[in-house]
Amino acid sequence: MKRVLMLVALGTLLLGACAPAAKDIEASEVWARTGMAGGNSAVYMLLVNGTSADDELLSASSDVAEAVELHESNMGANGEMQMIPQASISLEAGTKVEFKPGGLHVMLIGLKQDLKAGDEFELTLHFKDHADITLKVIVKEAMMDM
Ligand SMILES: [Cu+2]
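Residues numbered from 1 in each chain as written. Predicted model: local features only at pLDDT ≥ 70, side-chain atom pairs only at ≥ 80, totals over all residues. Heavy atoms only, no water.

**Q** Explanation requested: the side chain of His 71 in the structure shown.
**A** Mapping His 71 onto the fold places it in strand S4 (residues 65–75). In this structure His 71 comes out as buried when scored by relative accessible area, which is 6%. Separated by 2.7 Å, the side chains of His 71 and Glu 69 make a polar contact. Aside from chain neighbours lying at most four places away, what touches His 71 is Met 83, Ile 84, Pro 85, Gln 86, Gly 103, Leu 104, His 105 and Met 107. (Helix = DSSP H or I, 4+ residues; strand = E, 2+ residues; numbered from the N terminus. Buried < 20%, exposed > 50% of the residue type's maximum accessible area, 1.4 Å probe, protein only. Polar contact = N/O pair within 3.5 Å; in protein donor to acceptor, adjacent residues only side chain to side chain. Contact = heavy atoms within 4.5 Å.)

Written out as C-alpha cells, the structure reads:
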C-alpha cells in the first residue's frame, strides 16, 4: 500500500516537470495601448501554436469596443503607415506569431470606455479549429505610434 502511494506521488512529480512546454495554442505578453472612449486602440501579444496541427486565427471579440479587427501595419509607397485588414492570420503547427506595434495587431475600433494604463479587459480569440481562448489584456502606455 505504501509503495503504491509513493509511485503515485512520483508520477505526479514527473507530469509536473513536463508541464511548461506549450502543447496548446497560448498567448503571452498580452497588452493594449491606452485609448479614449470613442477612439481606437490595439492589442499586441505573442501567439504560440504548440500543437501538431496548423490553425488560423479568424477573428477576435471584446466588450470594450464596437468592432474588433485583425490588422497589419505596413509602410506604404508614400512612406506613410497603412493598416491592412487581415481576413485571417495563419498559425502553423509549432510556430509563433508576434503581434507588435508597426506590425500585426488586433484593432479595437470605437472604444466604449477609456483604456487607461493599468486597466484590464477581456479579449476572446476565435480560431478555425481550436476552441475560443479568452485572454486578460493589460493596458499600457505605448512608446511608438501604431
Ligand atoms: Cu489597425
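**Q** What should I look at first to understand the coordination of the copper ion in this one?
**A** Six octahedral donors around a metal ideally make angles of 90 or 180 degrees; four tetrahedral donors ideally make 109.5 degrees. The copper ion binds to the protein through His 71 (ND1), Met 83 (SD), His 105 (NE2) and Met 107 (SD), with metal-donor distances spanning 2.1 to 2.4 Å. Geometry at the copper ion is tetrahedral, judged from its 4 donor atoms and the angles of 95 to 120° they form at the metal. (Donors = N, O, S within 2.8 Å, 3.2 Å for Na, K, Ca; no water. Tetrahedral: all angles 85-135°; square planar, octahedral: opposite > 155°, others 65-115°.)

**Q** Where do I start with unusual backbone geometry in this structure?
**A** Positioned with a positive phi, Glu 29 is a non-glycine residue whose angle comes to about 50°. Looking at the secondary structure, you find Glu 29 in strand S1 (residues 25–33). The exposure class of Glu 29 is exposed, given its relative accessible area of 60%.

**Q** I would appreciate a short explanation of the packing of aromatic side chains in the present structure.
**A** A ring pair, where both rings are aromatic, is described by two values, the distance of the centres and the angle of the planes. Counted by the stated rule, this structure contains 1 aromatic pair. An angle of 40° between the planes, with centres 4.8 Å apart, marks the rings of Trp 31 and Tyr 44 as tilted. Pair noted here: Trp 31 is in strand S1 and Tyr 44 is in strand S2 (residues 40–49), with a separation of 13 residues, a long-range link. The exposure class of Tyr 44 is buried, given its relative accessible area of 0%. (Phe/Tyr/Trp six-rings, centres within 6.5 Å; stacked < 30°, edge-to-face > 60°.)

**Q** So what exactly am I meant to see when it comes to the environment of Glu 92 here?
**A** Relative to the helices and strands, Glu 92 resides in the loop between strand S6 (89–91) and strand S7 (96–99). The residues contacting Glu 92, other than those within four sequence positions of it, are Asn 49, Asp 54 and Asp 55.

**Q** What am I meant to see in the pairing of S7 here?
**A** The two faces of S7 differ: Val 97 and Phe 99 on one face are buried, but Lys 96 and Glu 98 on the other face are not. As defined by bridge partners, S2 adjoins S7 across 4 bridges and the pair is classed as antiparallel. Residue pairing across strands places Leu 46 opposite Glu 98, the latter belonging to S7. (Pairing = 2+ DSSP bridges.)

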